[in-house]
Amino acid sequence: MEENWDGALSWLTEWWGLVPSPNVDAYELRAMINYNKSNFRDALSDLDYVVAAEETESGKAKERNYQMQFGVYSELNRNADMLTVSETLVRHYPSRANWNRLWAMYLDRDDQQKALAAMQAAHDQGFLDRESHYSTFSSVWNQASNPYLAAKYFQEGMEAGIVEKTQKNWEYLANWWYQAREYRRSIAAREQAARTSDDGENYSLLARAELSEGMYEEAVVSAREALQKGGLRDTAEVHLIQGQAYLALKRYEEAKSSFLRAKEADGRSSRYADQFLTFAQTKLDVLARLEG
């Protein structure tokens, strides 16, 4: 109790010679003392005996003995044995800590399939309770070519208040919904990312998504917001997006103005402005003839 491990081991060794057959508790006590003295190989010898005896008698050893066995294997760098003990622990003692340690170990071994299975089991029992858990869970689902589940679980974490509603997290969610071809959900997430952004890049991406979904009025507004906030990688592209939205709305003069601004703006997309200008002017010429 005073953590005088040398004194404890000395008395236990003397006692050991006085009893005909020490019981399992004595082996467990000696293992604990040797563990605390960093005599890990001696501790493991006793622990193996204790765990085997308890499993024979009860079908499982005490959790503390599995945990001590895990600690010894860790000190001895016996990774495969650590994994075996961790798997045994979730089978007999399926706690939050044991499940979360297991999936983390599978990830360290790049065993994606088992990691996902263990994480799914942990999730279904309510054991994923940190933002890092949900971020990892969703990222692994995405790596497994299932962006739908990546987005689903990440959004679940956000709605539960576990995942913080930051710009970066909204961007992750928007990207995963987009990859899953859930475009309207992606737009909703991108809109939140845009609102929390310091620059206009997310509004630019939002305008592009809205244009592709036929949300032309919304695309015009988002493009305007992007241009007002600035900090864009390709300003010309945003003018082009806005111009295309105006075209779809048959607002040809405004479309022409957007394409003219695109031609003068910074960005690689400015080279496409002339062809859009030609198209918009053709529409205006047709309207003029019709009015004439």
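Reading the values: the criteria
- Residues numbered from 1 in each chain as written.
- Predicted model: local features only at pLDDT ≥ 70, side-chain atom pairs only at ≥ 80, totals over all residues.
- Heavy atoms only, no water.
- Helix = DSSP H or I, 4+ residues; strand = E, 2+ residues; numbered from the N terminus.
- Salt bridge = Lys/Arg side-chain N within 4 Å of Asp/Glu carboxyl O.
- Buried < 20%, exposed > 50% of the residue type's maximum accessible area, 1.4 Å probe, protein only.

Participant: Would you mind showing me how to read unusual backbone geometry here?
Facilitator: Backbone phi values are negative for most residues with the exception of glycine, while trans is the configuration of most peptide bonds. One non-glycine residue, aspartate 110, lies in positive phi territory at about 60°. With respect to the helices, strands and loops of the structure, aspartate 110 is situated in the loop between α6 (96-108) and α7 (112-124). Here serine 145, not a glycine, exhibits a phi torsion of approximately 65°, which is positive. Here serine 145 lies in the loop between α8 (131-143) and α9 (147-159).

Participant: Is there a simple way to think about the pattern of salt bridges in this case?
Facilitator: Opposite charge on two side chains makes pairing possible when the charged atoms of those side chains draw close. Applying the stated criterion across every chain yields a total of 15 salt bridges. Between lysine 62 and glutamate 28 there is a salt bridge, and its shortest N-O distance comes to 4.0 Å. Here the residue lysine 62 occupies a position in the loop between α3 (40-58) and α4 (63-75), and glutamate 28 occupies one in helix α2 (residues 24-36), the gap between them amounting to 34 residues. Among the ionic pairs, arginine 184 bridges to glutamate 213, the shortest N-O distance being 3.3 Å. With a gap of 29 residues between them, arginine 184 in helix α11 (residues 183-195) and glutamate 213 in the loop between α12 (201-212) and α13 (216-229) connect regions that are remote in the sequence. The partly exposed category is assigned to glutamate 213, whose relative accessible area is 26%. One connected set of salt bridges, linked through shared partners, spans Glu28, Glu54, Lys62 and Arg64.

By themselves these figures say nothing about function.
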